[in-house]
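Analysis of the macromolecular model
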Amino acid sequence: MTEEDTVTHIVHGHVKWFDPAKGFGFIVSNETESDILLHANVLRNYGQNSVSDGAMITVRVQQSARGAQAVEVVSVQAPAGAVLPLADEGNLMTAEEIAVLTLEPARVKWFDKAKGFGFANVFGRQDDVFIHVEVLRMSGFADLQAGEAVCLRIIDGKRGRMAVQVASWEAASRTER
């Protein structure tokens, strides 16, 4: 390992694409000349198994012989300008309205990206919480795995409790300190 391999710096950009099945993706930034490799292990260390295309991301990057690589995820934000349409509620929620809701710890029961939805269980409650794929995307995720620990901002919809935001367990615990 050369001295250049150990030098890191913070870079802001957006996710070009990320494929959880392949285990990697790329970040684009005006601060670098080339795309930045984002490996699944680096993302998992942040507390997420996936990240949505277009999500804003801040990473610590090191330059190596193979190019720029993210070595630490500092933050992930949903794609800009997101307003959550709540189809069965007939209204919209802004990011500011969502942010005032309490984060509730939950575990993913199941999520099927092809079907476009899944469910989670909030600790200490019997009822399931519905998670729509669009909420996931707007929260900066591409997919969820059964058993994954997350934090949810939830509203009571006409058909039961539904998530309006998903946060990784680790990211939520960092912001609550």
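In case you missed it, the structure is sitting above this.
Structure report, in brief. None of the values given here were measured: they were computed from a predicted structure.

1. A word on the overall build of the protein chain
Looking only at helices and strands, the protein chain has five helices and twelve strands in total. Sorting the 177 residues of the protein chain into buried and exposed places 43% on the buried side. A sequence separation of at least 24 residues applies to 54% of the contacts in the protein chain between residues at least 6 apart. Roughly 9700 Å² of accessible area belongs to the protein chain as shown, and the carbon and sulfur atoms make up 50% of that amount.

2. Overview of the pattern of salt bridges
Using the criterion set out here, one finds seven salt bridges in the structure. A salt bridge links Asp127 to Arg125; its shortest N-O distance comes to 3.5 Å. By relative accessible area, which is 29% here, Asp127 ends up partly exposed. Exposure remark for Arg125: the relative accessible area of 40% places this residue in the partly exposed category. The shortest N-O distance in the salt bridge between Arg161 and Asp127 comes to 3.6 Å. Here Asp127 lies in the loop between strand 9 (117-122) and strand 10 (128-132) and Arg161 lies in strand 12 (residues 160-168), a separation of 34 residues in the sequence. The network of salt bridges with common partners includes Glu104, Arg125, Asp127 and Arg161.

3. What to know about the packing of aromatic side chains
Taken as a whole and assessed by the stated rule, the structure comprises eight aromatic pairs. When the centroid spacing of 5.7 Å and the interplanar angle of 65 degrees are considered together, the rings of Phe119 and Phe130 count as edge-to-face. Separated by eleven residues along the polypeptide, Phe119 in strand 9 and Phe130 in strand 10 bring together distant segments of the chain. A residue is classified by how much of its surface remains accessible, and Phe119, at 23% relative accessible area, is partly exposed.

4. Points about the nonpolar core
Counting 19 residues, the largest nonpolar core has Leu38, Val51, Ile57, Val59 and Val73 as its most contacted members. Of all the elements in the fold, those that place two or more residues in this core are strand 1 (8-19), strand 3 (36-39), helix 2 (40-46), strand 4 (56-64) and strand 5 (67-77). Other than its neighbours up to four places away in sequence, Val59 contacts His9, Ile10, Val11, Ile27, Ala70, Glu72, Val73 and Val74. Of all hydrophobic cores here, the second largest spans 16 residues; its members include Ala120, Ile131, Val135 and Phe141.

5. Digging into the environment of Pro105
As for its position among the elements, Pro105 is in strand 8 (residues 103-112). On the accessibility criterion, Pro105 (30% relative accessible area) is partly exposed. Among all residues touching Pro105, those that are not within four sequence positions of it are Asn121, Val122, Phe123, Val150, Cys151 and Trp169.

6. Topic: the environment of Val122
Looking at the element boundaries, Val122 is found in strand 9. Considered as a pair, Val122 and Leu152 are 30 residues apart in the sequence and their alpha carbons are 8.4 Å apart.

The rules behind the values
Residues numbered from 1 in each chain as written. Predicted model: local features only at pLDDT ≥ 70, side-chain atom pairs only at ≥ 80, totals over all residues. Heavy atoms only, no water. Helix = DSSP H or I, 4+ residues; strand = E, 2+ residues; numbered from the N terminus. Buried < 20%, exposed > 50% of the residue type's maximum accessible area, 1.4 Å probe, protein only. Contact = heavy atoms within 4.5 Å. Areas by Shrake-Rupley, 256 points an atom, 1.4 Å probe, with all protein chains shown as cover. Salt bridge = Lys/Arg side-chain N within 4 Å of Asp/Glu carboxyl O. Phe/Tyr/Trp six-rings, centres within 6.5 Å; stacked < 30°, edge-to-face > 60°. Core = buried A, V, L, I, M, F, W, Y, C linked by side-chain atoms within 4.5 Å.

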